[in-house]
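One letter stands for each residue in the lines below.
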Amino acid sequence: MKESTLQLINYIMILALLVTLALHLAMQAFLGVNGYADALSYQTAISRYRDALSVSLLTILLIAATYHGLFGLRNILLEWRQGRSWHGVVTLTTVGLAVVMLGWGMRTIVLAFGGV
Amino acid sequence: MVVELQDAPKPKEVTVVKVEFVPEQETVSNPQTVLLRVFRYNPKAKAGEPRMVTYRVPMSKGLTVLDALLWVKENVDNGLSFRYSCRMGICGSCGMLINGKPMLGCETQIAELGTDVVEVGPLTNYEVVRDVATDFTDFFRHHNKIKPYLIRTENGDGKPIEKELLQSEEQKLEYYQFAMCIMCGLCDAACPIVGMDKDFLGPQALAQAYRFGADSRDQGWPERAEVVDSPHGCFRCELAGSCSAVCPKGVDPGMGVQLLKRQVFRRKIAHH
C-alpha cells in the first residue's frame, strides 16, 4: 500500500479519534445516569456495553486508536532502521499487533454486549 | 522562526591541539583577532583522529568565516580542506557548521556571530571527506531521484517543442521561491530525519519535487509520484522545521514538503 494511502487513513482515524474520544469522555463525565461520581461504577460501565450506540462508539474508538497508535509505532521503527527485510518485519509486526489488539478488544465488546 | 540546533549531532571531540598563530602577540581579548576553532580530520589517514585545532586570525571589517579559513590556509596551514567557489552566496559550496549551526561560510560575517571563538566543522548528516569538506554523493543521488527537470512528452518522443510554454504570473508564483534553491545542502544537514534515515530523500529533494510538480509546463507527475510517495519520501517528514530555519536563501523547504504532501493527495484523489 502506498504511503499516501496509509497517511490518508491515518488522518481519517485522527478525526474519528477526536470525535469518539470527546464523546466517550463526555459520556463518562456528564452523560452518566448519576453524573461523574457514578461514572466508573460496575453497573454504569456494563450498561454502556449493553447500549448499541455506546458499543458502536467504542468499536470506532478501538479501531481508530489501534490504527493511529500502530501507524506511529511503524513510523518510529522505520526511522530507527532501514532496509527491505526490516521494512517487512515492521509491517508484519504491526499488522500482527493490530490483529491481536482488535481481536481482544472486539471480544470484550461483543461478549459484554451479548451479556456474558 | 528560529530553531536552535545546539542538540544537533556534533563531530567527535577528541584531543584539542592548540596551534596558535599570533601575528603581533595579541591576546584573546584583543578585538583585532578572532580565534577560529576548526575541525580537522582525514578519514584516509591511519593515525588521523578527529580533533579541533585553534587558529588566531586577524580581524577586519566584514571578515567572513570563509575569509578566515582562507587566511589560515594561506598563512598558517595549507593542508586545511574546505569547499568553496563563488564567495558570494550563489554557488552553495561553502556550507559548514558554524558555532553548531549549518551556515554558508561566505555569507556569515564573524562580527555578527558575537562570539570570541568561532567553531567551524563539517555539515552534519554528511560523510567527512576531509576537515570541513563533506561528501555530497547521497545528496545529489536523492536530488536526481526526483527528476529535477521539466518532463514533457516531447522529450520522450524526441520531437522538438514547437511553441513557447507560456505561464501566467500566478502559475509562476506556485513554485517560484523553490526555484531559488542553490543546493547548498544546509537543510539536509539540519534535518533530524536525514540523520536517522539515510534513504530519506530530504527536504531539498522533496521541495524540488514540489517545484517541478507545481510547474504548469511539467508533465512528469506520474514518474515523480512513484519516488515521493515511497517509504522514504515526503510522508517521512515530521515537520521539525529546522530545514526552513537554516536556509540561506529564504526558501521554505519545510513548507515545500507539506505542499508536496497536499499535491500527492490531490492528484491521488483526482486520479480516482
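Residues numbered from 1 in each chain as written. Chains lettered and ligands numbered in written order. Predicted model: local features only at pLDDT ≥ 70, side-chain atom pairs only at ≥ 80, totals over all residues.

Asks: Which parts of the structure should I look at to understand the overall build of chain A?
Replies: When you go through chain A residue by residue, the secondary structure sums to four helices and zero strands. Put simply, chain A runs from its N terminus to its C terminus through helices and strands in the order α-α-α-α. Taken over C-alpha atoms, the radius of gyration comes to 17 Å for chain A, far larger than the 13 Å a tight globule of 116 residues would show. Taking the principal axes of its C-alpha atoms as reference, chain A extends roughly 55 × 30 × 20 Å. Counting across all 116 residues of chain A, residues that qualify as buried make up 8%. Sequence separation of at least 24 residues holds for 72% of the intrachain contacts in chain A that already meet a minimum separation of 6. (Helix = DSSP H or I, 4+ residues; strand = E, 2+ residues; numbered from the N terminus. Rg over C-alpha atoms; globule rule 2.2 N^0.38 Å. Buried ≥ 20, exposed ≤ 12 C-beta atoms within 10 Å, placed from the backbone. Contact = placed C-beta atoms within 7 Å.)

Asks: How should I be thinking about the packing of helix 9 (residues 221–228) of chain B against helix 11 (residues 253–271) of chain B in this particular structure?
Replies: For any two helices packed against each other, the geometry is given by the interaxial angle and the distance between the axes. All names here are of chain B. Across the interface, helix 9 lies against helix 11 with an axial gap of 11 Å and an inter-helix angle of 120 degrees. The orientation of helix 9 with respect to helix 11, classified from their angle, is oblique. For the crossing formed where helix 9 meets helix 11, the hand is left-handed. Judged by residue contacts, Trp-221, Ala-225 and Val-228 of helix 9 engage Leu-260, Val-264 and Arg-267 from helix 11. Classifying every residue of the contact of helix 9 with helix 11 by side-chain character gives five nonpolar, no polar and one charged. (Axes fitted to C-alpha atoms, helices over the stretch in contact; angles between N-to-C directions. Parallel < 35°, antiparallel > 145°, perpendicular 65-115°, else oblique. Left-handed = near helix turned anticlockwise from the far one by under 90°. Nonpolar A, V, L, I, M, F, W, Y, C, P; charged D, E, K, R; others polar.)

Asks: It is not clear to me how the nonpolar core should be interpreted in this structure. Could you clarify?
Replies: When a protein is soluble and globular, its nonpolar side chains tend to lie buried together. Residues and elements named next belong to chain B. Of all hydrophobic cores here, the largest spans 61 residues; its most connected members are Leu-36, Val-38, Met-96, Val-120, Leu-206 and Leu-260. Broken down by element, the residue count for this core peaks at six residues, all from helix 8 (residues 202–213). Residues from two domains meet in this core; each of domain 1 (16–135) and domain 2 (137–271) gives at least three. Ignoring sequence-local partners within four residues, the contact set of Met-96 consists of Phe-82, Met-103, Gly-105, Val-120, Gly-121, Pro-122, Leu-123 and Val-132. (Core = buried A, V, L, I, M, F, W, Y, C linked by C-beta atoms within 7 Å. Domains from an automatic or database assignment.)

Asks: Whenever I open this one, the interface of chain A and chain B confuses me. Can you help?
Replies: Tallying the contact residues gives nine residues for chain A and 13 residues for chain B. No other element matches helix 1 (residues 3–29) of chain A, which puts four residues into the side of chain A that touches chain B.

Asks: Is there a simple way to think about the pairing of strand 2 (residues 33–40) of chain B in this case?
Replies: One face of the sheet, then the other: side chains in a regular strand alternate in exactly this way. Residue and element names in this part refer to chain B. Most of strand 2 sits inside the fold, with six of its eight residues counted as buried. The pairing of strand 2 with strand 6 (residues 117–121) spans four bridges and is parallel. Bridge pairing links Val-38 to Val-120 in strand 6. (Pairing = 2+ DSSP bridges.)

Asks: Explain helix 3 (residues 137–145) of chain B to me, please; I cannot follow it from the model alone.
Replies: Every α-helix carries 3.6 residues per turn, so stepping three or four residues along brings you back to the same face. Residues and elements named next belong to chain B. Restricting attention to buried positions, one finds in helix 3 the residues Phe-139, His-142 and His-143. Seen from one end, helix 3 has its buried residues packed into an arc of 100 degrees, which puts them on one side. Pointing more than 90 degrees away from the buried face of helix 3 are the exposed residues Thr-137, Arg-141 and Asn-144. In this fold, the buried residues of helix 3 make contact with helix 6 (186–190) and helix 8. Just past helix 3, the residue Lys-147 takes up positive phi, approximately 55 degrees. (Arc of directions from axis to C-beta.)

Asks: Is there a simple way to explain the environment of B:Phe200 in this structure?
Replies: Residues and elements named next belong to chain B. Note on placement: Phe-200 falls in the loop between helix 7 (192–196) and helix 8. Judged by the 26 C-beta atoms lying within 10 Å of it, Phe-200 falls in the buried class. Between the alpha carbons of Phe-200 and Gly-233 there is a distance of 6.1 Å; along the sequence they are 33 residues apart. Sequence-distant contacts of Phe-200, that is, excluding residues within four places in its chain, are made with Ile-193, Val-194, His-232 and Arg-236.

Asks: Just to check I follow, could you spell out the environment of B:Cys86 for this structure?
Replies: Position of B:Cys86 among the secondary structure elements: in the loop between helix 1 (65–75) and strand 4 (95–98). With 20 residues separating them along the chain, B:Cys86 and B:Cys106 place their C-alpha atoms 8.5 Å apart.

Asks: Just to check I follow, could you spell out the domain arrangement of chain B for this structure?
Replies: A common way to express how large an interface is: the accessible area buried when the components associate. Residue and element names in this part refer to chain B. Per the domain assignment, the segments of chain B are domain 1 (16–135) and domain 2 (137–271). Domain 1 and domain 2 are separated by 32 Å when their C-alpha centres are compared. At the interface, 15 residues of domain 1 touch 14 residues of domain 2. Here the side of domain 1 that touches domain 2 gets four residues from one element, more than from any other, and that element is strand 5 (residues 101–104). Its residues assigned to classes, the side of domain 1 that touches domain 2 shows seven nonpolar, five polar and three charged.

Asks: Would you explain unusual backbone geometry in this entry?
Replies: The general pattern is negative phi for most residues beyond glycine and trans for most peptide bonds. Residue and element names in this part refer to chain B. Positive phi, normally seen in glycine, also occurs at Asp-131, with a value near 50 degrees. Structurally, Asp-131 can be placed in the loop between strand 7 (127–130) and strand 8 (133–135). When the 24 C-beta atoms within 10 Å are taken as the criterion, Asp-131 is described as buried. The backbone of Met-183 sits at a positive phi, close to 55 degrees, despite the residue not being glycine. Mapped onto the fold, Met-183 is located in the loop between helix 5 (169–173) and helix 6. Since 19 C-beta atoms lie within 10 Å of it, Met-183 is described here as partly exposed.

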